[in-house]
Amino acid sequence: MTLTLPERFRDATFESYEPQTPSQAEALRVARAFVAELRRTPSWAERLRALLGVGDERLPQGLYLVGPAGTGKTHLLAATCNALMPERACAFLHSSTLFRQTEPPDAFAHRLADQYAVCCLDEVEIDDPANEMRLAGVMKTLAARDVPLLATSNVAPEEYLATQLGDGRVQRFLRTEVRDAYRVVGVRGDDYRRTRAVVDVCGPAAGDDGHGPYRPH
């Protein structure tokens, strides 16, 4: 299974992302800090505490960037992937790839964890409870395998359709546990693809590659 970063995102960096709002600046800061923490070598004391299962210094299981289209969520996700590679192998996939899988969610997640140290899941835009349950299953399995999941979405976890249809374990997981286990970060602002500045610099079709606010090269 090969899930690599698409060519159009290979040049995405934190430096080329230009925040236009305070929440975008905060999302950039959080993404950079998350990369720094993942790349940091734990001290012997931290390793001992982890081995003994004591202490509360456990990293969040991942990042969940949520906000409207055109605010740079995918750029930040790709920049995070680029910053971690090659030291940490990163899977990069669109949510449609996940939802097309025919094998059970836990089996797919185990295959991911066997090959990759980090999973980047772009555009989690779903309104099908079955797909939401599949997502929840993948999240739980990756967490059990200590593989961080970094995701982007226009929808907050508690707004998934499945959370409105009952109070089972999957619903409770999507409604509350994701916010407890993941760092949910709002990325707010106007759709940069509609701004005159981008149109003037790059032409009418600029921004269709999903990068978000960025410094043209």
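See the structure above.
Definitions and limits used
- Residues numbered from 1 in each chain as written.
- Predicted model: local features only at pLDDT ≥ 70, side-chain atom pairs only at ≥ 80, totals over all residues.
- Heavy atoms only, no water.
- Salt bridge = Lys/Arg side-chain N within 4 Å of Asp/Glu carboxyl O.
- Helix = DSSP H or I, 4+ residues; strand = E, 2+ residues; numbered from the N terminus.
- Buried < 20%, exposed > 50% of the residue type's maximum accessible area, 1.4 Å probe, protein only.
- 1 Å grid on protein atoms, 1.4 Å probe; cavity = no way out; pocket = protein on both sides within 12 Å on 5 of 7 lines; lining within 4 Å.
- Points joined across faces, edges and corners; volume = space filled by probe spheres on them.
- Nonpolar A, V, L, I, M, F, W, Y, C, P; charged D, E, K, R; others polar.
- Contact = heavy atoms within 4.5 Å.
- Axes fitted to C-alpha atoms, helices over the stretch in contact; angles between N-to-C directions.
- Parallel < 35°, antiparallel > 145°, perpendicular 65-115°, else oblique.
- Left-handed = near helix turned anticlockwise from the far one by under 90°.

Draft legend 1. View of the pattern of salt bridges. This structure, assessed with the given rule, holds seven salt bridges. Measuring nitrogen to oxygen at the nearest pair gives 3.4 Å for the salt bridge that ties glutamate 15 to arginine 32. With a gap of 17 residues between them, glutamate 15 in the segment before α1 (22–39) and arginine 32 in helix α1 connect regions that are remote in the sequence. With relative accessibility at 35%, the residue arginine 32 sits in the partly exposed group. Residue glutamate 87 is joined to arginine 39 by a salt bridge in which the shortest nitrogen-to-oxygen separation is 3.6 Å. Within this pair, whereas glutamate 87 is found in the loop between α3 (73–84) and β2 (90–94), its partner arginine 39 is found in helix α1, the two being separated by 48 residues in sequence. Glutamate 87 gets classed as exposed once you look at its relative accessible area, which sits at 55%. Each of Glu26, Arg29 and Arg183 takes part in one network of salt bridges that share partners.

Draft legend 2. Fine view of empty space enclosed by the protein. Throughout the structure, instances matching the rule amount to two cavities of 30 Å³ or more. There is about 40 Å³ of room inside the largest cavity. The wall of the largest cavity is formed by Ala31, Leu63, Leu65, Leu77, Thr80, Leu150 and Ala151. For the lining of the largest cavity, the secondary structure elements donating two or more residues are β1 (62–66), α3 and β4 (149–153). Across the lining of the largest cavity, the residue classes tally to six nonpolar, one polar and no charged. Of all the elements in the fold, those that place two or more residues in the lining of the second largest cavity are α5 (105–115) and β3 (118–122). Here the residues of the lining of the second largest cavity are counted per class, giving eight nonpolar, no polar and no charged.

Draft legend 3. Quick look at the side chain of serine 95. Here serine 95 is to be found in helix α4 (residues 95–99). Overall, the relative accessible area of 4% leaves serine 95 in the buried class. Contacts of serine 95, omitting those with residues within four sequence positions, involve Leu121, Asp122, Glu123, Val124 and Glu125.

Draft legend 4. Quick look at the packing of α5 against helix α6 (residues 129–144). Their axes nearest at 8 Å, the elements α5 and α6 cross at an angle of 45 degrees. The orientation of α5 relative to α6 falls into the category oblique. The handedness of the crossing between α5 and α6 comes out as right-handed. Side by side, α5 and α6 meet where Pro105, Asp106, Phe108, Ala109, His110 and Leu112 of the first sit next to Arg134, Gly137, Val138, Thr141 and Leu142 of the second. For the contact of α5 with α6, a count of residues per class yields six nonpolar, three polar and two charged.

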